[in-house]
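# Architecture at a glance
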Amino acid sequence: MLSSVSKQNIIERIKDVHNNDENQLEVIFSNANKLIVEAPAGCGKTKTIISKIAYIIASNELPNPKKILALTFSVNAAYKMKKDVSEELPKMIDVDNVHPLKVNDKVYISNYHGFARHILNLYGYLIHENLRNINFFDSVDDSDMEKIYQLGIGLSLEQSREISDFNQAVKEINIDYIKSNFNSYIEIINETFIPNNMIPYNAILILAIELFKKFSNVKKFYQGYFPVIIVDEFQDTNILSWNLLKSLISEKTNVIFMGDSLQRIYGFIGAIPNLISSAENYYKMEKIELNKNYRFKDNAEMLILDKNIRSNAEDIMHPNIEENARINLSVTKNQQDEAKWVTEKIIELIKKDPEHKIAILVKQRSINVGIIIAELEKQNIDYFFGLFRDDDSEYINFHRLCLQKFNEHLKSDEGNRISKSILNRIYNKVEEKFEGEQSATTESLLSLLKVFFDKIIIEYSFLDVEDKISFIKDTFENNVLKQHMENISKNVILSTIHGAKGLEWSYVIMPDMEQFVFPNYYGLCGSCKYSYREIYNMGCILNEPKSIEDKFLEELSVFYVGVTRARKQIFFSSSQERVNNNYEIKKTYISCLLSLPGIEYNI
């Protein structure tokens, strides 16, 4: 058992750790039964979560054998939290020589899918006997109807379509379709997938929801077992995760949701719009905002930029701007000149600060980005290719292969062991599949796989075997090797902003900040269609963003996430010409996102 110290000593220690930040301390010491916390980038959210957990434990509010449940959207974020809590919690409550595994006696930390699989591993047999072996199941990509049909497990074409349509309904938050087809979906899973030791991605959550729905005693047990639930990255929760979460929450449950509405950039895969405000109303929650930015505390320019972007999101027509943020923007004649500027800036930054890393963050792959890549290679700049799309078949298939090889290990005589030699063996088997056929994507993914396996052995050595297995399976099932780009040794990383979510680098360069590129036609420019903007100082200026508010806020969120990946400084570039998908050169203007109220540039 963890030893205890006086509550007052814990309070004083927490105050000292948080430098008397009033908002952080209000969250930590709050007695609210239902609390929602707006937590912008760089606000000290993780430290606040750890102190909240420490205070709950030290206050003896958690009798044995009950636990705090901490959930988050991304796999990597969940295990980062587990690592931070395991290292910092014993210090916070003044425990000496306590192995981090002991923290598991008080806190259960996971992502949604990992938690659902854990429940099904214990109680899934109530639905289907084979679910006792869910950890050994092969994961199925439920987005491709043809691949589902070709599994050879007795599915009709209609059933295969229903599985893929259900996946699309989750992405589109089509609640009517999900409700109408929920029972039929489960029936298909029980009759075809589970007997063949297979399970689609969404079925893990759906079966956990069904378990709680059918067996109220299991639901009541978990509601009692987890009297405190803390959810990080709450803004990224999808409809299935939200329903699972609501099943766990009773009137007595102490709930803390932490998130940032402006960092909701996964709407295209089902993150629920306006979930923070909806949950606040649904549970009549008390709300606290963390308003100090510690990431940019020594950089006045970045602080102002961060504040002004958020002000535009809070009131898109009349943002509260006290002082303009002056940004570093280079405007070149054409894409070739812009690519040269990007490489020159990289060379300058590396010469000045060779230990620090630089990320080139873009909205999406494009011909314009290809020009930058060509210039990087021309200048012999070693870079990491991280332009992974979530729907890219090459990216998905790599994860499926990794999962297949890992499952083969789990079924072997050594299946209950995770060691350096075993992970090296799995890596070699994956690498063999691409011998002589490595594309830029597979080469980068092999590097990420190596980095990930090294982290399991070194940084996460404190995890028990079950946790290590869950971490590995969750990473492959969720297709999130990209979340380990931060640990790549190369100085220069080329990534999409979506791929960089949750990561940080010393410097960030955001090129192609021009009309029809960022934002692109499908993002905002197609909705604007020249009707809501004017041109000033070579840039687009939105005059009536209220008319296209949803699209505007989606693009602003992606822009904000890109900006806040920088620890030290952000640099922007734009071109007076762009190359479209038909390789035609078109005149263009500086992105409207760089002409927002409160953002100022010189040309």
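Residues numbered from 1 in each chain as written. Predicted model: local features only at pLDDT ≥ 70, side-chain atom pairs only at ≥ 80, totals over all residues. Heavy atoms only, no water.

Below, the discussion takes up the overall build of the protein. Helix and strand content of the protein: 22 helices and 20 strands. Here the C-alpha atoms of the protein give a radius of gyration of 24 Å, agreeing with the 25 Å that 2.2 N^0.38 yields for 603 residues. Based on the C-alpha atoms only, the size of the protein along its principal axes is roughly 65 × 60 × 50 Å. Taking the contacts inside the protein whose residues are at least 6 apart along the sequence as the reference set, 77% of them involve residues at least 24 apart. For the protein, the exposed surface amounts to about 25600 Å²; the carbon and sulfur share of it is 45%. In the protein, which carries 71 positive and 83 negative side-chain charges, the distance between the mean positions of the two groups comes to 3 Å. (Helix = DSSP H or I, 4+ residues; strand = E, 2+ residues; numbered from the N terminus. Rg over C-alpha atoms; globule rule 2.2 N^0.38 Å. Contact = heavy atoms within 4.5 Å. Areas by Shrake-Rupley, 256 points an atom, 1.4 Å probe, with all protein chains shown as cover. Lys, Arg positive; Asp, Glu negative; His and termini not counted. Charge placed at Lys NZ, Arg CZ, Asp CG, Glu CD.)

For the rest of this paragraph, the subject is the sheet that holds strand β12 (residues 383-386). With parallel pairing, six strands are arranged side by side in an open sheet as β10-β17-β14-β11-β13-β12. Every other strand in the sheet has two partners, leaving β10 (328-332) and β12 as the edge strands with one partner each. Averaged over all adjacent pairs, the angle separating strand axes in this sheet is 20°, with direction ignored. Here β10 runs beside strand β17 (residues 566-575); their pairing, made up of five bridges, is parallel. Bridge pairing links Val 331 to Ser 574 in β17. Each of β11 (358-362), β14 (505-510) and β17 is contacted by helix α22 (residues 549-563), which is oriented at about 125° to β17, the strand it contacts most. (Pairing = 2+ DSSP bridges. Axes fitted to C-alpha atoms, helices over the stretch in contact; angles between N-to-C directions.)

What follows is about helix α1 (residues 7-17). Inspection of α1 places Ile 10, Ile 11 and Ile 14 among the buried residues, and these make up the whole buried set. Buried residues of α1, viewed axially, fall in a sector of 100°; they line one side. In the core, the buried residues of α1 are packed alongside α2 (22-29), α3 (45-58) and α4 (75-92). One or two positions beyond α1, positive phi appears at Asn 19, with a value near 50°. (Buried < 20%, exposed > 50% of the residue type's maximum accessible area, 1.4 Å probe, protein only. Arc of directions from axis to C-beta.)

A few words now on the sheet that holds strand β2 (residues 68-72). Here we have six strands laid out as an open sheet, ordered β3-β2-β6-β7-β1-β8, and parallel in their pairing. Bordering the open sheet on either side are β3 (107-111) and β8 (286-289), each of which pairs with just one other strand. In this sheet, neighbouring strand axes are inclined to one another by 15° on average, regardless of whether the strands run parallel or antiparallel. Relative to strand β6 (residues 228-232), β2 is paired through five bridges, and the arrangement is parallel. From the neighbouring strand, Thr 72 faces β6, where its bridge partner is Asp 232. Sheet strands touched by α4: β2, β3 and β6. Its angle to β3, the strand with the most contacts, is close to 160°.

Glancing now at the UniProt feature "binding site: ATP" (unreviewed entry) in the protein. Those residues carrying the UniProt feature "binding site: ATP" (unreviewed entry) are Ala 39, Pro 40, Ala 41, Gly 42, Cys 43, Gly 44, Lys 45 and Thr 46 in this numbering. Along the chain, Ala 41 falls in the loop between β1 (34-38) and α3. Of the residues examined, Ala 41 reaches a relative accessible area of 7% and is grouped as buried. Dropping the residues within four chain positions of it, Ala 41 is found in contact with Asp 260, Gln 263, Asn 293, Arg 295, Tyr 560, Thr 564 and Arg 565. Relative to the elements of secondary structure, Gly 44 occurs in the loop between β1 and α3. Since its relative accessible area comes to 22%, Gly 44 is described here as partly exposed. Dropping the residues within four chain positions of it, Gly 44 is found in contact with Gln 24 and Tyr 294. (UniProt positions renumbered as here; feature names shortened; annotations may be inferred.)

Direction vectors running N to C along α3 and α4 enclose 50°, while the axes themselves pass 10 Å from each other. On the basis of the axis angle, α3 is oblique to α4. Pair α3 / α4 crosses with right-handed handedness. In contact with Thr 46, Ile 49, Ile 50, Ser 51, Ile 53, Ala 54 and Ile 57 of α3, α4 contributes Met 81, Asp 84, Val 85, Glu 88, Leu 89 and Met 92. (Parallel < 35°, antiparallel > 145°, perpendicular 65-115°, else oblique. Left-handed = near helix turned anticlockwise from the far one by under 90°.)

Let's shift gears to the domain arrangement of the protein. According to the domain assignment, the protein contains domain 1 (4-112 + 223-289), domain 2 (116-212), domain 3 (300-382 + 491-600) and domain 4 (393-487). Summarising the inter-unit geometry, the C-alpha centres of domain 3 and domain 4 are found 33 Å apart. Summing both sides of the interface, domain 3 and domain 4 together bury roughly 600 Å²; the carbon and sulfur share of this comes to 52%. A per-residue breakdown of the area domain 3 buries against domain 4 is headed by Lys 357, Gly 499 and Leu 503, which together make up 52% of the total. Linking domain 3 with domain 4 are one salt bridge. Between Arg 567 and Glu 486 there is a salt bridge whose closest N-O contact spans 3.6 Å. At the surface where domain 3 touches domain 4, the tally comes to one residue pair in polar contact (both at pLDDT 80 or more). (Domains from an automatic or database assignment. Buried area = accessible area lost by both parts, 1.4 Å probe. Salt bridge = Lys/Arg side-chain N within 4 Å of Asp/Glu carboxyl O. Polar contact = N/O pair within 3.5 Å; in protein donor to acceptor, adjacent residues only side chain to side chain.)

Once that is clear, we can look at the pairing of β14. For β14, a buried count of six out of six residues is recorded, marking the element as mostly surrounded by other parts of the structure. Inspection of the sheet shows β14 paired to β17 by five bridges, in the parallel sense. In the sheet register, Val 508 faces β17, and the bridge partner there is Ile 570.

What follows concerns the environment of Pro 195. By the secondary structure assignment, Pro 195 is in the loop between α8 (175-193) and β5 (198-200). Through-space distance from the C-alpha of Pro 195 to that of Ser 184 is 17 Å; in sequence the pair is eleven residues apart. Those residues in contact with Pro 195, other than ones at most four positions away along the chain, are His 128, Asn 130, Ile 189 and Asn 190.

So, on to the pattern of salt bridges. Inspection of the entire model under this criterion finds 30 salt bridges. For Arg 310, the salt bridge is made with Asp 260, and the minimal N-O distance between the two is 2.7 Å. In this pair, Arg 310 is assigned in helix α13 (residues 300-314) and Asp 260 in the loop between β7 (254-259) and α12 (275-282), connecting sequence segments 50 residues apart. The exposure classification of Arg 310 matches that of Asp 260, with both residues buried. For the salt bridge of Glu 584 with Lys 586, the shortest nitrogen-to-oxygen distance reads 4.0 Å. A residue is classified by how much of its surface remains accessible, and Lys 586, at 35% relative accessible area, is partly exposed. Salt bridges here are not isolated pairs; linked through shared partners, they connect Lys 80, Arg 295, Glu 486, Glu 504 and Arg 567.

Bringing α3 into the picture now. An α-helix turns once per 3.6 residues; consequently, residues spaced three or four apart project the same way. Between the first and last C-alpha of α3 there are 20 Å, a value that for 14 residues agrees with the 20 Å anticipated at 1.5 Å per step. Most of α3 sits inside the fold, with eleven of its 14 residues counted as buried. Buried residues of α3: Thr 48, Ile 49, Ile 50, Ser 51, Lys 52, Ile 53, Ala 54, Tyr 55, Ile 56, Ile 57 and Ala 58, and no others. A positive phi of about 60° marks Asn 60, the residue just after α3. (Expected span 1.5 Å × (residues − 1).)

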